[in-house]
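If you want the building blocks of each chain, they are given just below.
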Amino acid sequence: QSKQGGGNRATHFTAQMETLAVAALALDRDLDQAIERRELVLEFQPQGVPGGREVAGWEALVRWNHPKLGRLMPDRFIPLAEERGWIHRIGRHVIDSTLAQIATWDRAGTRIPRIAVNLSPSELRAGLADEIDALVYSHGLTPDRLALEITETAIVGDGAEVAYALTRLSQKGYSIEVDDFGAGYSSLGQLRHLPLETLKIDKSLIDDVHHSKIDTALVGAVIDMARALGMRTVAEGVELPEQERVLARLGCDSYQGYLLGKPMPAARVPDWLAQRSAAGPVQAG
Ligand code: C2E
Ligand code: MG
Ligand code: MG
Ligand code: MG
C-alpha cells in the first residue's frame with residue numbers, strides 16, 4: 001500500500017468516528033424528550049408452565065419508536081440512559097405505564113395477575129420502595145400486581161443500600177426476581193440472605209439444555225438449589241419444544257421465550273390469552 005492509500009484509510013476512519021459520535025449525540029438529545037413525546041412504548045412477553053397450558057406471568061420490555069431511526073431495542077438506549085442519569089425517569093415511566101395498563105385490563109375484564117418490570121442497578125436506592133408504592137396506589141392497585149427484575153450482578157455488586165431497598169420492597173409485598181442468573185459470576189450462596197422470590201435462569205444456560213449433558217446437569221442443580229432456598233424458577237430464552245420438555249423433567253416452575261410467545265404490544269395480549277385458553281389442555285405424553 002502507498003502512503004496515499006493509508007492516508008485515505010485514516011481519513012475514512014476519522015470520518016466514521018465522527019459519524020458515530022454525532023449519532024450518539026443526536027440519540028442523546030432525542031432521548032431527553034422521548035418520554036414527553038410518548039415515543040417509549042412497552043411490549044409484553046408471556047411466561048408459561050413447562051408441559052402445561054397455564055400462563056405463569058408477564059414481563060414488560062421497553063422499546064423506543066424513534067422519529068428518524070425507527071424502532072430501537074433497549075440495548076441501544078438503556079446503557080446511554082444509565083450513563084446520562086436519565087434511567088430514573090425512564091424507569092418511573094415504565095412502571096407508571098405498566099400499572100396504567102394493568103388497571104386498563106382490569107376494567108376490561110382481562111385478567112393479568114402480575115407483570116414484572118426491569119430495573120437498572122442505579123435505580124436500587126433507599127427511596128425506591130416508597131416511590132413505587134405511590135405509583136401503585138395512584139392507579140388503585142396493590143403491590144402484588146408488580147414484580148421487579150434486577151440482574152444478579154446488580155444485586156451482588158453493591159452492599160447495604162441495595163439490600164435495604166430490596167428488603168423494603170419485599171416487606172411492602174413486591175416480588176423481587178433475579179434476572180439473567182448464570183450470566184455473571186455470582187453464586188446462589190451470595191444471594192441467600194436477600195428476599196428474592198424468583199430466579200430467572202439466563203438464556204445462555206438454556207440454549208443447549210436439551211442436548212448437552214453438562215448443561216442439563218447444571219440447570220437441574222440451579223433449579224434444585226433455588227427450590228432449597230424457597231425460590232421459584234423461570235427459564236429464559238426457550239425457543240424449542242425439546243428445551244421445554246427437559247425443563248418440565250427438571251422441575252422448572254415456568255419458562256419464557258419465543259416458543260411460547262415473542263414480546264407483543266398491549267393490544268395483542270387479550271387475543272393471545274383467548275387463543276391460548278381456547279387451545280384447551282395440553283395433550284398427555
Ligand atoms: P431481559 O430482561 O433479560 O429480557 C429478555 C430479553 O430476551 C428481551 O430482549 C426479550 O425480547 C429477549 N427474548 C425473550 N425470549 C427470547 C428468545 O426465545 N430468544 C431470544 N433470542 N431472545 C428472547 P429485549 O426486549 O431486547 O431487552 C433486552 C434487555 O433490555 C432486557 O433483558 C433488559 O435487561 C433490558 N430492558 C428491557 N426493558 C427495560 C426497562 O424498561 N428498563 C431497564 N432498565 N431495562 C430494560
Ligand atoms: Mg428481564
Ligand atoms: Mg433476562
Ligand atoms: Mg438481559
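Nothing here was measured: the structure is a model prediction, and the numbers come from that model. What you see as residue numbers is a count from 1 along each chain, following the sequence as written. All chains are assigned letters beginning at A, and all ligands numbers beginning at 1, according to the order in which they are written. Local features in this predicted model are restricted to residues whose pLDDT is 70 or higher, and side-chain atom pairs enter the listing and the counts only when it is 80 or higher, whereas totals over whole chains, interfaces and linings include all residues. Hydrogens and water molecules were not included; the side-chain quantities draw on all heavy atoms of the structure.

Colleague: Sorry if this is basic, but what is going on with the overall build of the protein chain here?
Modeller: Each helix and strand in the protein chain was counted, giving 11 helices and 10 strands. We call a residue buried when its accessible area falls under 20% of the maximum for its residue type, exposed when it is over 50%, and partly exposed in between, using a 1.4 Å probe and counting protein chains only. By residue count, 46% of the 285 residues in the protein chain fall in the buried class. At a minimum sequence separation of 6, the contacts of the protein chain that also span at least 24 residues come to 67%. Counting from the N terminus, the helices are DSSP H or I runs at least four residues long and the strands are E runs at least two residues long. Two residues qualify as a contact provided that any one of their heavy atoms is within 4.5 Å of a heavy atom in the partner residue.

Colleague: Mind showing me how you'd approach the site of ligand 1 here?
Modeller: Of all residues adjacent to ligand 1, which total 24 residues, the nearest are Arg63, Asn118, Asp179, Glu239 and Tyr258. Contact between ligand 1 and serine 120: a nitrogen atom at 2.9 Å from a side-chain N or O atom of the residue. Distance and chemistry together define a polar contact, namely a pair of N or O atoms within 3.5 Å, with one atom able to donate a hydrogen and the other to accept it when in protein, and with adjacent residues in sequence counting only for side-chain atoms on both sides. One of the backbone N or O atoms of tyrosine 258 is found 2.8 Å from an oxygen atom in ligand 1. Method for areas: the Shrake-Rupley scheme with a 1.4 Å probe, in which residue coverage is limited to the protein chains shown. Against a free-state accessible area of 800 Å², the protein chains account for coverage of 83% of ligand 1. Contributions of two or more residues to the shell around ligand 1 are made by strand 2 (55–66), helix 2 (74–84) and strand 6 (175–181). A total of 4 residues in the shell around ligand 1 trace back to one element, the largest contributor, which is strand 2. Each residue receives one of three labels: charged for Asp, Glu, Lys and Arg, nonpolar for Ala, Val, Leu, Ile, Met, Phe, Trp, Tyr, Cys and Pro, and polar for the others, Gly being one of them. The class makeup of the residues in the shell around ligand 1 is 10 nonpolar, 5 polar and 9 charged. Any residue with a heavy atom positioned within 4 Å of a molecule or strand is treated as near that molecule or strand.

Colleague: Hey, could you run me through the confidence of the model for the protein chain in this one?
Modeller: Any region with low pLDDT has predicted coordinates that should not be read closely. How sure the predictor is of each residue is captured by pLDDT, a score from 0 to 100. Across the protein chain, pLDDT averages 90, with 89% of residues at or above 70. In this model, residues 1–5 is a region of pLDDT below 50 whose contacts with residues beyond four sequence positions or in other chains number 1 contact.

Colleague: What is the right way to read the side chain of threonine 233 from this model?
Modeller: Its location among the elements puts threonine 233 in strand 8 (residues 232–235). The contact partners of threonine 233, leaving out residues within four places of it in the chain, are Leu199, Ile201, Ile223, Ala226, Gly251, Cys252, Asp253 and Ser254.

Colleague: What is the right way to read the coordination of the magnesium ion (ligand 2) from this model?
Modeller: Put simply, the ideal angle at a metal is 109.5 degrees for four donors in tetrahedral geometry and 90 or 180 degrees for six donors in octahedral geometry. Distances define the donors: N, O and S atoms within 2.8 Å of the metal qualify, as do those within 3.2 Å of Na, K or Ca. Water is excluded, so some sites may look unfinished. Ligation of the magnesium ion (ligand 2) by protein atoms is provided by Glu59 (OE), Asn118 (OD1), Glu149 (OE) and Asp179 (OD), these donors lying 2.0 to 2.2 Å from the ion. Separating the magnesium ion (ligand 2) from the magnesium ion (ligand 3) is a gap of 4.0 Å, bridged by aspartate 179, which donates to each. Here glutamate 149 is found in strand 5 (residues 146–151), whereas its partner aspartate 179 is found in strand 6, with 30 residues between them in sequence. The two residues glutamate 149 and aspartate 179 agree in class, both being buried.

Colleague: Looking at this model, I keep getting lost on the pattern of salt bridges. Mind explaining?
Modeller: Just to be clear on terms, a salt bridge is a Lys or Arg side-chain nitrogen sitting within 4 Å of an Asp or Glu carboxyl oxygen. Counted under the stated rule, the structure contains 19 salt bridges. Here aspartate 133 makes a salt bridge to lysine 172, at a shortest N to O gap of 3.0 Å. Placement of the pair is aspartate 133 in helix 4 (residues 128–138) and lysine 172 in helix 6 (residues 160–172), with a sequence separation of 39 residues. For lysine 172, a relative accessible area of 25% puts it in the partly exposed group. With a closest N to O distance of 3.5 Å, arginine 232 and glutamate 177 form a salt bridge.

Colleague: Please explain unusual backbone geometry as it appears in this structure.
Modeller: Here arginine 38, not a glycine, exhibits a phi torsion of approximately 55°, which is positive. When you line up the elements, arginine 38 lands in the loop between helix 1 (3–34) and strand 1 (40–48). Located in the positive-phi region is aspartate 180, a residue other than glycine, with phi close to 60°. You can see aspartate 180 is positioned in strand 6. A relative accessible area of 26% places aspartate 180 in the partly exposed class.

Colleague: Explain the packing of helix 4 against helix 6 here, please?
Modeller: Between two packed helices, what matters for the description is the angle formed by their axes and the separation of those axes. Axis separation between helix 4 and helix 6 bottoms out at 8 Å; the angle between their running directions is 35°. For the pair formed by helix 4 and helix 6, the contact residues are Leu128, Ala129, Asp130, Ile132 and Asp133 on the first element and Arg168, Leu169 and Lys172 on the second. When its residues are assigned to classes, the contact of helix 4 with helix 6 shows 4 nonpolar, no polar and 4 charged. Structural elements are reduced to axes, namely lines fitted to C-alpha atoms, with helices fitted over the stretch in contact, and the angle between N-to-C directions of any two is expressed from 0 to 180 degrees.

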